[in-house]
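Fold and geometry: a report
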Amino acid sequence: MAALPVLALVLLLACGGPRAMVLSEKVSQLMEWTSKRSVIRMNGDKFRRLVKAPPRNYSVIVMFTALQPHRQCVVCKQADEEYQILANSWRYSSAFTNKIFFAMVDFDEGSDVFQMLNMNSAPTFINFPAKGKPKRGDTYELQVRGFAAEQLARWVADRTDVNIRVIRPPNYAGPLMLGLLLAVIGGLVYLRGSNLDFLYNKTGWAFAALCFVLAMTSGQMWNHIRGPPYAHKNPHTGQVSYIHGSSQAQFVAETHIVLLFSILIETHVVGDNSVIMCIAGIGLVVFFFSWLLSVFRSKYHGYPYRYCFSAASVIVFVGIVVQLHHQRWLWRKWSKYK
C-alpha cells in the first residue's frame, strides 16, 4: 500500500500534468510582464527560473548590459535604445505571440548570471532557443553587425523564424532641417531676386560637391545604416580602440579619422609661382595618403599597399615634381606669346 503514492506520482509525472502547469505559469508570468514593459528586467533568480530551467516552448532574447552611470558604458546606453525599439515593435505588432520574449540582465542586478555564463563584456545579445542550449550563432556579432534595431531584427528572424517589422518613433529632425534649408534658399532668392549670380558660383558648388564626396567615402552612410558604436573600450585593460580590427566593421571614430585624412589629402597647398610650395603640397599628399594606407593595413593585414616612403616612391615623386614644373613653364611661355 505504501508504494501506491509513489506509483501515482510516477504516473502523474509521465503524463506531464505538473510539467504543463509549470510551463503555463511561466508563459503567463512572462506575458503579464511583457504587457507592462516590452523588455523584461531579470535578476539571477528570474533568469534561472524562466530562461535556463526547463520546460520552455518559447525563445528568449536576452541583452546582457551595464546601464548604471558608474559603469560608464556609453555603448550600452546606445544599444539599449535600439533594443527597446525592437522590443516595442514586436510588443505592439499585430503578429505578437508568446513564441518569443525580450529580456535584459544588468550586471549590477544579476552579476551571478554573468559569472554563470562566463561573460566579461557588455553589451551582449544571446538567443536562448525554445529547445536545447544556445549555439554559436545564437550570440549576436555586435562588432560586425552593429546594434541597429533593423540588424537585430534580421538576426532574430534568422534564429527564431519570427519576422519583426521595426517601427521607429517619429523623428522630426530631418524634416525640420530640410524645411530650414528650403527657407534659407527661398530667403536668398527673395532678397537677391535681381541678382542670382551666387547660384553660378563655381567655388560654392565645388565646395558642396567636395563635402558630399568626403562624407560618402569616409563611411558616414555605413554608420547611418549599421549604427556602430563610436569606439570600443576593453573591459579588462580599459584601453579604448578607435579603429576596428576587422575589415567587415568600423567605429564612428574611425570614419572621422578617415574623413580628416581625406580632407588633408584634398586640401593640399600648391603655390602659383613657387616650386617649393608645389613640392611641399605634393609631399603633404604623399604623407597623409601613406598615413591613410596604414589605417587600412591595421584593419586588413593582407592589404597589399603600405607607406609610400620607399625608393621607388621618391623617384616617382621627383618625376612628378619635374613634370609639373615643366608643364607650368610651357604654359607660361605659351601664354606670353598668345
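You'll find the protein entered in an unreviewed UniProt entry as Dolichyl-diphosphooligosaccharide--protein glycosyltransferase subunit MAGT1, with Pavo cristatus given as the organism. For the protein, the Pathway (unreviewed entry) comment in UniProt is given as "Protein modification; protein glycosylation." Within the UniProt record for the protein, the comment given under Sequence similarities (unreviewed entry) is "Belongs to the OST3/OST6 family."

1. Some words on unusual backbone geometry
The residue after Pro 54, namely Pro 55, is reached through a cis peptide bond having omega 0°. Checked against the element boundaries, Pro 55 lands in the loop between α3 (44-52) and β2 (59-65). With an omega dihedral of 0°, the bond running from Ala 122 to Pro 123 counts as a cis peptide bond. One can find Pro 123 in the loop between α5 (111-116) and β4 (124-128). You will see that Asn 118, though not glycine, has its phi angle at about 55°, which is positive. Tracing the sequence through the fold places Asn 118 in the loop between α5 and β4. A residue is classified by how much of its surface remains accessible, and Asn 118, at 69% relative accessible area, is exposed. Positive phi, normally seen in glycine, also occurs at Asp 161, with a value near 65°.

2. Details of the sheet that holds β2
Ordered in space as β1-β3-β2-β4, the four strands form an open sheet in which the pairing is mixed. The outermost strands of the open sheet, each flanked by one partner alone, are β1 (39-42) and β4. Ignoring strand direction, the axes of neighbouring strands in this sheet form an average angle of 25°. As judged from the four bridges shared by β1 and strand β3 (residues 100-106), these two strands associate in the parallel manner. Note that in β3 the partner of Ile 40 across the bridge is Ala 103. Strands in contact with α3 are β1, β2, β3 and β4; relative to β1, the strand with the most contacts, it is inclined by about 125°. Relative to the sheet, helix α4 (residues 74-91) contacts β1, β2, β3 and β4, its axis offset from that of β3 by approximately 160°.

3. A closer look at the UniProt feature "transmembrane region" (unreviewed entry) in the protein
UniProt records the feature "transmembrane region" (unreviewed entry) at residues 172-191, 203-222, 274-295 and 307-326, using the numbering of this structure. Counted over residues 203-222, helix gives 90% and strand 0%. Its end C-alpha atoms are 28 Å apart.

4. Some remarks on the environment of Phe 289
The residue Phe 289 is located in helix α12 (residues 275-299) in this model. As a C-alpha pair, Phe 289 and Ser 262 span 27 residues in sequence and 7.9 Å in three-dimensional space.

5. Section: the nonpolar core
In terms of nonpolar packing, the biggest core is built from 29 residues, with Tyr 83, Leu 86, Phe 102, Phe 125 and Val 156 touching the most fellow members. Secondary-structure elements contributing two or more residues to this core are β2, α4, β3 and α7 (149-160). Among the elements that make up this core, the one with the highest residue count is α4 (eight residues). Leave out the neighbours within four places in its chain, and Phe 125 touches Val 62, Met 63, Ala 79, Tyr 83, Asp 138, Thr 139, Tyr 140, Leu 142, Leu 152 and Trp 155. Listed in part, the 21 residues of the second largest apolar core include Val 27, Trp 33, Val 105 and Val 113.

6. Observations concerning the packing of aromatic side chains
The geometry of an aromatic ring pair is captured by two quantities: the separation of the ring centres and the angle between the planes. Under the counting rule described, the total for this entry stands at eleven aromatic pairs. An angle of 85° between the planes, with centres 5.5 Å apart, marks the rings of Tyr 58 and Phe 101 as edge-to-face. Remark: Phe 101 occurs in strand β3 and Tyr 58 occurs in the loop between α3 and β2; sequence separation between them is 43 residues. The class of Phe 101 is buried, set by a relative accessible area of 2%.

7. A short note on the state of the cysteines
Evaluation of the coordinates by the stated rule reveals one disulfide. Here Cys 73 is linked by a disulfide to Cys 76, with a sulfur-sulfur distance of 2.1 Å. With the S-S dihedral at roughly 70°, the linkage between Cys 73 and Cys 76 falls on the right-handed side. Here the two residues Cys 73 and Cys 76 agree in accessibility, since each one is buried.

Parameters at a glance
Once a new chain begins, its residue numbering starts again from 1 and follows that chain's sequence as written. The model is predicted, so local features are restricted to residues of pLDDT at least 70 and side-chain atom pairs to those at 80 or more, both for listing and for counting; the totals for chains, interfaces and linings are taken over all residues. To obtain the side-chain values, all non-hydrogen atoms of the structure were included, while hydrogens and water were left out. UniProt positions are given in the numbering used here, feature names are shortened, and annotations may be inferred rather than shown by experiment. Strands here mean DSSP runs of E at least two residues long; helices mean DSSP runs of H or I at least four residues long; both are numbered from the N terminus. Exposure classes here rest on a 1.4 Å probe applied to the protein chains alone. A residue is buried below 20% of its type maximum, exposed above 50%, and partly exposed in between. Whether two strands pair depends on DSSP finding at least two bridges between them. For every element, the axis is a line fit to its C-alpha atoms; helices are fit only across the contacting stretch, and the angle between N-to-C directions ranges from 0 to 180 degrees. Note on contacts: a residue pair is in contact if any heavy atoms of the two residues lie within 4.5 Å. Each nonpolar core is a collection of buried residues, namely Ala, Val, Leu, Ile, Met, Phe, Trp, Tyr and Cys, held together in the definition by side-chain atoms within 4.5 Å. Two rings belonging to Phe, Tyr or Trp (six-membered ring only in the last case) form a pair when the distance between their centres is within 6.5 Å. Interplanar angles under 30 degrees mark stacking, angles over 60 mark edge-to-face geometry, and anything in between is tilted. Only a pair of cysteine sulfur atoms within 2.5 Å qualifies as a disulfide here.

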